[in-house]
Amino acid sequence: MPLFTLAGLALTALACLCIYAASHHQRLWSAAWPAWPARLAGAGLLVAGWLAFAQDMQRLAATFAFLATLMLAFALLPYIGALFHARRTR
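Each residue is numbered by its place in its chain's sequence as written, counting from 1. Per-residue local features of the predicted model are confined to residues with pLDDT of at least 70, and side-chain atom pairs are confined, for both listing and counting, to 80 or more; whole-chain, interface and lining totals are unaffected and use all residues. Side-chain numbers here rest on the full set of heavy atoms in the structure, without hydrogens or water.

**Remarks on the nonpolar core**
Going by this rule: Buried Ala, Val, Leu, Ile, Met, Phe, Trp, Tyr and Cys residues form a nonpolar core when they are joined through side-chain atoms within 4.5 Å. Summary of the burial criterion: residues with accessible area below 20% of their type's maximum are buried, those above 50% are exposed, and those between are partly exposed, where the area comes from a 1.4 Å probe applied to protein chains only. A run of DSSP states H or I qualifies as a helix once it reaches four residues; a run of E qualifies as a strand once it reaches two. Both are numbered from the N-terminal end. Any two residues whose heavy atoms approach within 4.5 Å at even a single point are treated as in contact.
By size, the foremost hydrophobic cluster in this structure holds ten residues: Cys16, Tyr20, Leu28, Phe53, Ala62, Ala65, Phe66, Leu70, Ala73 and Leu77. Those elements that provide at least two residues to this core are α1 (3-21) and α3 (59-88). The dominant element in this core, judged by the number of residues it contributes, is α3, at six residues. Among all residues touching Phe53, those that are not within four sequence positions of it are Phe4, Thr5, Gly8, Leu9, Thr12, Ala62, Ala65, Phe66 and Thr69.

**Brief notes about α3**
Here is the rule: Any helix carries an expected span of 1.5 Å times its number of residues minus one. The angle separating two fitted axes, one through the seven residues that finish at a residue and one through the seven that start at it, defines the bend at that residue.
A rise of 1.5 Å per residue sets the reference length of α3, with its 30 residues, at 44 Å; its end C-alpha atoms lie 42 Å apart and thus fit the reference within 8%. Along its length, α3 reaches its greatest deviation from straightness, about 25 degrees, at Leu77, and the proline Pro78 lies no more than four positions downstream. Within α3, burial applies to Ala62, Ala65, Phe66, Thr69, Leu70, Ala73, Leu77 and Gly81. Here the buried face of α3 lies against α1 and α2 (35-56).

**Quick look at α2**
Heads up, the condition is: The arc in question is formed by the directions pointing from the helix axis toward the C-beta atoms.
Helix length check: α2 (22 residues) gives 32 Å between terminal C-alpha atoms against 32 Å at 1.5 Å per residue, within 8%. Turning to α2, its buried residues number three or more, namely Ala38, Gly42, Gly49, Ala52 and Phe53. Down the axis of α2, the sector holding all buried residues measures 90 degrees, keeping them to one side. Those residues of α2 that are exposed and angled more than 90 degrees off the buried face are Trp36, Pro37, Leu40, Val47 and Gln55. Those residues of α2 that are buried lie in contact with α1 and α3.

**Regarding the packing of α1 against α2**
Applicable threshold: A fitted line through C-alpha atoms serves as each axis, taken over the contacting stretch for helices, and the angle formed by two N-to-C directions is quoted from 0 to 180°. For classification purposes, an angle smaller than 35 degrees is called roughly parallel, one larger than 145 roughly antiparallel, one from 65 to 115 roughly perpendicular, and anything else oblique. Crossing handedness is read from the near helix: turned anticlockwise from the far helix by less than a right angle, it gives a left-handed crossing, and turned clockwise, a right-handed one. Throughout this entry, Asp, Glu, Lys and Arg are counted as charged residues, while Ala, Val, Leu, Ile, Met, Phe, Trp, Tyr, Cys and Pro are counted as nonpolar. The remaining residues, Gly among them, count as polar.
Here α1 crosses α2 at 160 degrees, and the two axes come no closer than 7 Å. Classified by the angle between their axes, α1 and α2 sit roughly antiparallel to one another. You can see that α1 and α2 cross each other, and the crossing is left-handed. Only Ala38, Ala41, Gly42, Leu45, Leu46, Ala48, Gly49, Ala52, Phe53, Gln55 and Asp56 of α2 make contact with α1, whose side of the interface consists of Leu3, Phe4, Thr5, Ala7, Gly8, Leu9, Leu11, Thr12, Leu14, Ala15, Cys18 and Ile19. Looking at the contact of α1 with α2, its residues break down into 16 nonpolar, six polar and one charged.

Function cannot be read off these values alone, since they describe shape.
As structure tokens, then:
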């Protein structure tokens, strides 16, 4: 895989993690991250992720890959959090 595509995947996944960790309903950590810094970092990482995708792909393909990564990360993070929470409370 090209380097910028991998960077786009990583940056977009990290952005989703920052945004999810700022939520009060997250289960990955015992307390949510501070809302504004985490959301601002997430927004910056989202922009950087799309720009990284756009370096290796056409804009339409970059947008599709970016949105597919967003959907995957935001769908998986609550389940990962529930798994960690269940293991922590055993």
